Every structure is written in structure tokens, then in C-alpha cells.
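For reference, the chains in residue letters:
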Amino acid sequence: MGYQAKFRVWRGAGRPDETITATEADGALHDYEVEVNEGEVVLDVIHRLQQTQTPDLAVRWNCKAGKCGSCSAEVNGKPRLMCMTRMSTFDEAETVTVTPIRTFPLIRDLVTDVSYNYEKAREMPAFAPPPGVEPGEYRMQQVDVERSQEFRKCIECFLCQNTCHVVRDHEENKPEFSGPRLFIRAAELDMHPLDDRADRKEFAQAEQGIGYCNITKCCSEVCPEHIHITDNAIIPMKERVVDRKYDPITWLGSKIGRRKS
Ligand code: SF4
Ligand code: SF4
Ligand code: FES
């Protein structure tokens, strides 16, 4: 049975921020009543709103199957994929508030500029196979890739980046901090059996700002692919960085190795 849901949606190019009084021109929350049918998700309702009442509503989406990572938003304040958020999880009388993800510059309505993530991805040194091994000659066993395979599930929705308190509301940390999505990429390459770069951990420490992370696990909690970002990527990367920097045996080994050479 269908019903009329109460929706409150951010409209405009200004930021939804309690500390700034947004003018109507900058942006504001607008109230709507929209039809909802059985089995629908938040994105269906946003599309119906766009079709019937607000044809200029800006919303980014692509697959409607939880796989392209485009439809990230905050639904009742929680970072979610709109296409994977069922309307049946809300009470029919409840107002469903949809706002853009917060950590990135707002373009308009529900669409943000997520370039920060791609800029950080470009800074990451690429996969480097051992010398003399050409594409087509890579040989790996399943057991070699089991640990890092989890990280390949990432759909680049950037909900983890949006949630991380290091950059959420802290624009000043962005130059030094790549964020959880890029930490799993670093861990994936670090665990790759054929990646020949030995400096992934140092890079994570020196260039990606992994030291800012205080393993609160907020990123893991919002990941729609249920990637164990903190436990399986960040903590092992941090442990290895600490090992290399402070472990006395590693330190002694590196000194002896250096003298010999
Ligand atoms: S665990 Fe680290 S990367 Fe993840 S949200 Fe917390 S501070 Fe950010
Ligand atoms: S790690 Fe998870 S939350 Fe982060 S971008 Fe990938 S899929 Fe999204
Ligand atoms: S539209 Fe692709 S993940 Fe939601």
C-alpha cells in the first residue's frame, strides 16, 4: 500500500551547517510530501520528487544497485547510499531528511564535488611489478591475494571519507590526509604479492597522513561493502610503520645491512 511520505531535502548551493544561517538563496531545507510505494528506496522517492515537483533537483546516481557509489548522501544525518536505503526502515509518519555528504564542497542540492578523492588517488605511486615481469606473465595463487581481495570490493562511494572526523569539518587537514579509502588502496598494494615497491608503509606515514587516524572505526561502520577498513587495512599498516620505525631488531638489522653494503 502506498502512502505520502514527508521528505525534507536540501536545496541550493550553500552548506547545510547549523553554525551558519543559510539564506534562501544559499540553500535551505525544503519540505515535500511524496508518494511512496511498497519496496521502494530513498532514491526512488527522490526521483519521484524530481519528476513531479522539483524538476531542477540535482542528484547524482547511476546504477541503482549499490555498485557505482554515486548516490551517497546523508539520510536523517547518517551517511548512506540512497539506492540501498529502504523506505520500510522508516516509520510512515517520520520525516526523512536528505542532505548532501558534508566533507566535500557542495555543487548544488544533493551533489558534491568529490575531486579531493581523485587528487589523493593520483598521488599514490602506481602498482610496480618486479623488473622483467611483463603484463600477461603475472602469476599469483589465491592464497597470496586473500588478504587484499577484500579491498577490491570498494565502490568509491566515499562515505568513509565523508565520515572521517579528521577531514569532516576540517578542511585544513585535507592537504596532509588522504583518508580511509586511500589507506585501503595502500594496504592492498602493500599486500600485493607482485608489487615491488617496498615503501608503501613509509608513504602512508609520510605522504598520506595515516598518523592522523586514531582508529575510531567510524569509516568501517558506514562502508556499504562492509570492508574492515580499520582492522584489516589501517591497523596493519600502522603496526608495520611502527615496527619499521621503532622495532630495535629491525633497526639493528638495517644498521648491519647498511655497514655490509
Ligand atoms: S578509523 Fe581513522 S580513517 Fe577511519 S574514520 Fe577513524 S580516524 Fe578516520
Ligand atoms: S571503502 Fe567502503 S565506504 Fe569507503 S569508498 Fe570504498 S566502499 Fe565506500
Ligand atoms: S546509484 Fe549506484 S550506488 Fe546508488
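Residues numbered from 1 in each chain as written. Chains lettered and ligands numbered in written order. Predicted model: local features only at pLDDT ≥ 70, side-chain atom pairs only at ≥ 80, totals over all residues.

A few points about the overall build of the protein
Each helix and strand counted, the protein has nine helices and seven strands in total. For the protein, with 261 residues in total, the buried portion stands at 34%. Taking as baseline every contact in the protein between residues at least 6 positions apart, the subset at least 24 positions apart corresponds to 64%. (Helix = DSSP H or I, 4+ residues; strand = E, 2+ residues; numbered from the N terminus. Buried ≥ 20, exposed ≤ 12 C-beta atoms within 10 Å, placed from the backbone. Contact = placed C-beta atoms within 7 Å.)

Considering helix 1 (residues 42-52)
Those residues of helix 1 that sit buried are Val 42, Leu 43, Val 45, Ile 46 and Leu 49. Along helix 1, the residues classed as buried sweep out an arc of 160° about the axis, all on the same side. Among the exposed residues of helix 1, those oriented more than 90 degrees off its buried face are Gln 51 and Thr 52. Lining the buried residues of helix 1 we find strand 1 (3-12), strand 2 (27-36), strand 3 (72-75) and strand 5 (95-99). (Arc of directions from axis to C-beta.)

Describing the nonpolar core
In terms of nonpolar packing, the biggest core is built from 55 residues, with Met 82, Val 98 and Phe 183 touching the most fellow members. Ranked by residue count, the leading element in this core is helix 5 (residues 180-190), at six residues. Among the domains, domain 1 (3-112) and domain 2 (115-260) are the pair contributing at least three residues each to this core. In this structure, Phe 183 is in contact with Ser 178, Ala 204, Gln 208, Ile 210, Ala 233, Ile 234 and Met 237, ignoring residues within four places of it in sequence. (Core = buried A, V, L, I, M, F, W, Y, C linked by C-beta atoms within 7 Å. Domains from an automatic or database assignment.)

Section: the site of ligand 2
In the vicinity of ligand 2 there are 16 residues, among which Cys 154, Cys 157, Cys 160, Arg 181 and Cys 223 approach most closely. Counting only elements with at least two residues in the shell around ligand 2, the list comes to helix 4 (159-163) and helix 5. Considering each element in turn, the shell around ligand 2 owes the most residues, three residues, to helix 5. (Near = placed C-beta within 6 Å.)

What to know about the sheet that holds strand 5
Here we have five strands laid out as an open sheet, ordered 2-1-5-3-4, and mixed in their pairing. If you trace the sheet from one side to the other, it starts and ends with strand 2 and strand 4 (78-81), each paired once. Averaged over all pairs of adjacent strands, the angle between strand axes in this sheet comes to 35°, irrespective of strand direction. Bridging between strand 1 and strand 2 involves 10 bridges; their strand directions are antiparallel. Within strand 2, the position partnered with Trp 10 by the bridge is Leu 29. (Pairing = 2+ DSSP bridges. Axes fitted to C-alpha atoms, helices over the stretch in contact; angles between N-to-C directions.)

Description of the site of ligand 1
In the vicinity of ligand 1 lie 13 residues, with Cys 164, Pro 180, Cys 213, Thr 216 and Cys 219 positioned nearest. Sorting the residues of the shell around ligand 1 by element identifies helix 7 (218-222) and helix 8 (229-246) as the ones contributing at least two each. The class makeup of the residues in the shell around ligand 1 is eight nonpolar, four polar and one charged. (Nonpolar A, V, L, I, M, F, W, Y, C, P; charged D, E, K, R; others polar.)

Focus: the pairing of strand 1
Along any regular strand the residues' side chains alternate between the sheet's two faces. Pairing between strand 1 and strand 5: four bridges, direction parallel. In the sheet register, Val 9 faces strand 5, and the bridge partner there is Val 98.

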